[in-house]
Amino acid sequence: MSEEPNPGVRQLADLARLTPARIALGRSGASLPTREVLRFGMAHAQARDAVHAPFDADDVASRLAELRLEVIRVESAACSREEYLRRPDLGRRLSSGSREALTVRRGDFDLSIVVADGLSSTAIHQNVVPFAAMLLPLLARQGLRLAPVVVGREARVALGDEIGAALGARAVAVLIGERPGLSSPDSLGAYLTFAPRAGLTDAARNCISNIRPGGLAYEHAAFKLSWLIAEAFRRSLTGVGLKDESDLALEADAAGKLAISR
Amino acid sequence: MAYRVAAGGTSHVFADLRELMAKATPLRSGDQLAGLAAGSMQEMMAARIALADLPLRTFMHEALVPYEEDEVTRLILDTHDAAAFAPIATLTVGEFRDWLCSDAATTEVLAGVAPGITPEMAAAVSKLMRNQDLILVARKCRVVTRFRNTLGLPGRLAVRLQPNHPTDDAAGILASTIDGLSYGCGDAVIGINPASDSLGRIGELLRLLDELIARFDMPTQGCILTHITSSIALIGQGAPVDLVFQSVAGTQAANSSFGIDLSILQEGMEAGRSQKRGTVGDNVMYFETGQGAALSAYAHHGVDQQTLEARAYAVCRAYEPLLVNTVVGFIGPEYLYDGKQIIRAGLEDHFCGKLLGVPMGCDICYTNHAEADQDDMDTLLTLLGTAGVNFIMGVPGADDVMLNYQSTSFHDQLYIREVLGLKRAPEFEAWLQRMDITDVSGRLSAKQGGHVLLAAMPGRAA
């Protein structure tokens, strides 16, 4: 037993490096210390702003165009952020004007990429362009015919079903801002759906979550999505029937490189 | 049968009991999303006025969800205790509220009538009650359950320690658990939401908790919140399962979307009890619920979400649970839009559960796309503490880094204990004192037991 003041409390503080959870915060009586009240408040402010920050679709579209992508802008049937939050059904349907704009671009496409604000426009502003820059070379290597990239406002994941069907794409990959956590206001999600059509549920999709610098790195996430896309075309399905075994492929790939370097 | 009422100078017609119940419900986004909510404030009040005159007996012969189609309705009606119902059998819904608020409805009397109350009766009367009524009556209800300690005693509040980690890392989970124990949390359960659904990984987490509880001879229980079929399989493999967890809802179709039915719940309870791991009781089930679950599964039968939530408690009641937790604000703003709606729903859920005889706790929580913040959680915590809630969550810093939502923290439970003088489960309170985590008054000691608890971390000596 040490004679130092509060050795137990001090030692508990050492645990904090073992988890991202908010432990060993200290206390002022029963309450949080001011430092932690403010730290929590700022994290909540970032998460709230991620939900409500206006989606800068123009900027996202122009930066995607710099990657030599043709971009089409669409809107869901939800007219405002409040309506989007209250009516998830409207966020899953295209506005009538947007539906017409896509129908005239129908073609013979393998993959439609949809960029959707979802519940975190911050996630799109920060992560979608660098992620796309990692993904595109991998798709090019597969020789896929890409539909014009669709940037959607007030959009839920299932909006991609209608977009993919309207463009005539064999599969759709929706890159969407995920519900922001206090410690992750900028999480990008990628949802892949084979043979997209209205009325599908999440059981028909594969999901890669938490794509952000502090989470799943762009390069790793792009490899996973590219792997899933290749497997989806090989097996003509996505969803519960397609397990993400890209980590095995990555390990095999690494082992192969190692063998070559030897 | 249609219900007509002339009120406020206008005549209102409600096509059936479902519509009457839905339109009498305090406004919430989930009922609006379902197209069931009252179209105006006057229509809502007219529905309440009509509902107040409805005999309670009506619910015995007019099912909101058809008896033939739904095993939850069959459970409710087939197990109804007519003798327990007798003292209130002649009352209308409005008279039932008056009776509940009166001195005649004592703790003992309420416990006696609970098996005679159907969830539809509880939901109906709650729609006529103000927040203060929901608190006052719930406070009189007492539901005591036992496994390795005694939960639900008057003047006591338990905490589920929730040490989730984004990748189920054992050291990370232990770190959060030890931190929480050092704040005196964990008497309701140490309960982990696993990121993985692999049986092997869940078995490892079960053994992690089992060893921790055994090492310190802790009078509490562990739980991995995984699907009930996984828990049954793990029991079959000899894994140390204390509590059997499952999310449940108020219709057969919604439960089916969860991959369960009543027979699986029965099987889970029997599997849990077969292990005889409880020391002071055999309440082995831990259920979670939440308004909006049925609608989100397209399984609401045109019934309002609060009534369906009360029906979920009738499902829970049949399996003598240790813990029932309404995860009130988790589902999102399309069901409960803002702090006001979440607070109201939390009080309704707690009241309905307690009235039915269910050991209600509440995950006082919200997501970042709801119009709510920690101030709203403080308000609901203070109200539910006053109402005598059996347990709340203890999440490190209120921020669940695995499930991405905000709940109540280790500090929040200290706050409510200090303000309301609430104690922990008696067996756990005594253990905390033995461990030098708390002093004889239940306040944290200076060391918070840290040096002793830290011995549980791998690579550390005691």
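K.L.:
Help me understand the layout of surface pockets, please; the structure alone is not making it clear to me.
P.N.:
By rolling a water-sized probe across the atoms, one finds the places where empty space is left. A volume near 390 Å³ is recorded for the second largest pocket. Lining the second largest pocket are 17 residues; nearest its centre among them are A:L32, A:V37, B:Q374, B:D378 and B:D412. Contributing elements (two or more residues each) for the lining of the second largest pocket: helix 2 (34–52) of chain A together with helix 19 (374–387) and helix 20 (410–420) of chain B. Examining the composition of the lining of the second largest pocket, we find that 4 residues originate from one element, helix 2 of chain A, more than from any other.

K.L.:
Would you explain the confidence of the model for chain A in this entry?
P.N.:
A low pLDDT means the predicted coordinates there should not be read in detail. All names here are of chain A. When pLDDT is averaged across chain A, the result is 90; 91% of the residues are at 70 or more. Low pLDDT (under 50) marks residues 1–5, which in the prediction has 4 contacts with non-local residues, meaning those over four places away or in another chain. A low-confidence stretch, residues 255–262 (pLDDT under 50), is modelled with 0 contacts involving residues beyond four sequence positions or located in other chains.

K.L.:
Any chance you could explain the state of the cysteines here in plain terms?
P.N.:
A covalent bond bridging the sulfur atoms of two cysteines is what the word disulfide describes. For the structure shown, the criterion picks out 0 disulfides over all chains. Sulfur of B:C362: no disulfide; nearest cysteine sulfur belongs to B:C365 and is 7.0 Å away.

K.L.:
For this particular structure, what's the right way to read helix 3 (residues 41–52) of chain B?
P.N.:
An α-helix turns once per 3.6 residues; consequently, residues spaced three or four apart project the same way. All names here are of chain B. Taking 1.5 Å as the rise per residue, helix 3 with 12 residues should run 16 Å; its terminal C-alpha atoms sit 17 Å apart, in good agreement. Within helix 3 the residues assigned to the buried category are E43, M44, A46, A47, R48, A50, L51 and A52. The secondary structure elements touched by the buried residues of helix 3 are strand 1 (3–7), strand 2 (10–14), helix 1 (17–23), helix 7 (93–101) and helix 9 (119–127).

K.L.:
For this particular structure, what's the right way to read the environment of B:A312?
P.N.:
Tracing the sequence through the fold places B:A312 in helix 17 (residues 305–317). Once the C-alpha coordinates of B:A312 and B:P87 are considered, the two residues, 225 residues apart in sequence, prove to be 25 Å apart.

K.L.:
So what exactly am I meant to see when it comes to the sheet that holds strand 2 (residues 109–116) of chain A here?
P.N.:
Within a sheet, neighbouring strands are paired by backbone hydrogen bonds and run either parallel or antiparallel to one another. All names here are of chain A. The strand order 1-3-2-4-5-6 describes an open sheet built from 6 strands, whose pairing is mixed. Both outer strands of the open sheet, strand 1 (71–75) and strand 6 (205–211), are each paired with one neighbouring strand and no more. Between one strand axis and the next, the sheet turns by 20 degrees as a mean value, whatever way the strands run. When strand 4 (residues 169–177) meets strand 5 (residues 188–194), the two strands line up antiparallel, connected through 7 bridges. Opposite V174, over in strand 5, you have Y191 as the bridge partner. Running over the sheet, helix 7 (residues 121–141) touches strand 2, strand 4, strand 5 and strand 6 and is turned about 165 degrees from strand 2.

K.L.:
Sorry if this is basic, but what is going on with the pairing of strand 2 of chain A here?
P.N.:
All names here are of chain A. Burial analysis of strand 2 places 8 of its 8 residues in the buried class, which makes it a mostly covered element. The pairing of strand 2 with strand 3 (residues 149–153) spans 3 bridges and is classified as parallel. Counterpart to V114 in the pairing with strand 3 is V150. Regarding the hand of the β-α-β motif, the stretch spanning strand 2, helix 7 and strand 3 is right-handed.

K.L.:
In this structure, what is going on with the pairing of strand 10 (residues 323–327) of chain B? I would like to understand it.
P.N.:
Where a strand is regular, its side chains alternate between the two sheet faces. Residues and elements named next belong to chain B. Counting buried positions along strand 10 gives 5 out of 5 residues, so the element sits mostly inside the fold. As paired elements, strand 9 (residues 285–289) and strand 10 share 4 bridges and run parallel to each other. Each bridged residue has a counterpart across the sheet, and for Y286 the counterpart in strand 10 is L323. Looking at chain direction, strand 10 and strand 11 (residues 360–363) are connected through 4 bridges and run parallel. Opposite V327, over in strand 11, you have D363 as the bridge partner.

Reading the values: rules and limits
- Residues numbered from 1 in each chain as written.
- Chains lettered and ligands numbered in written order.
- Predicted model: local features only at pLDDT ≥ 70, side-chain atom pairs only at ≥ 80, totals over all residues.
- Heavy atoms only, no water.
- 1 Å grid on protein atoms, 1.4 Å probe; cavity = no way out; pocket = protein on both sides within 12 Å on 5 of 7 lines; lining within 4 Å.
- Points joined across faces, edges and corners; volume = space filled by probe spheres on them.
- Helix = DSSP H or I, 4+ residues; strand = E, 2+ residues; numbered from the N terminus.
- pLDDT = per-residue confidence, 0-100.
- Contact = heavy atoms within 4.5 Å.
- Disulfide = S-S within 2.5 Å.
- Expected span 1.5 Å × (residues − 1).
- Buried < 20%, exposed > 50% of the residue type's maximum accessible area, 1.4 Å probe, protein only.
- Pairing = 2+ DSSP bridges.
- Axes fitted to C-alpha atoms, helices over the stretch in contact; angles between N-to-C directions.
- Right-handed = clockwise from strand over helix to strand, strands pointing away.

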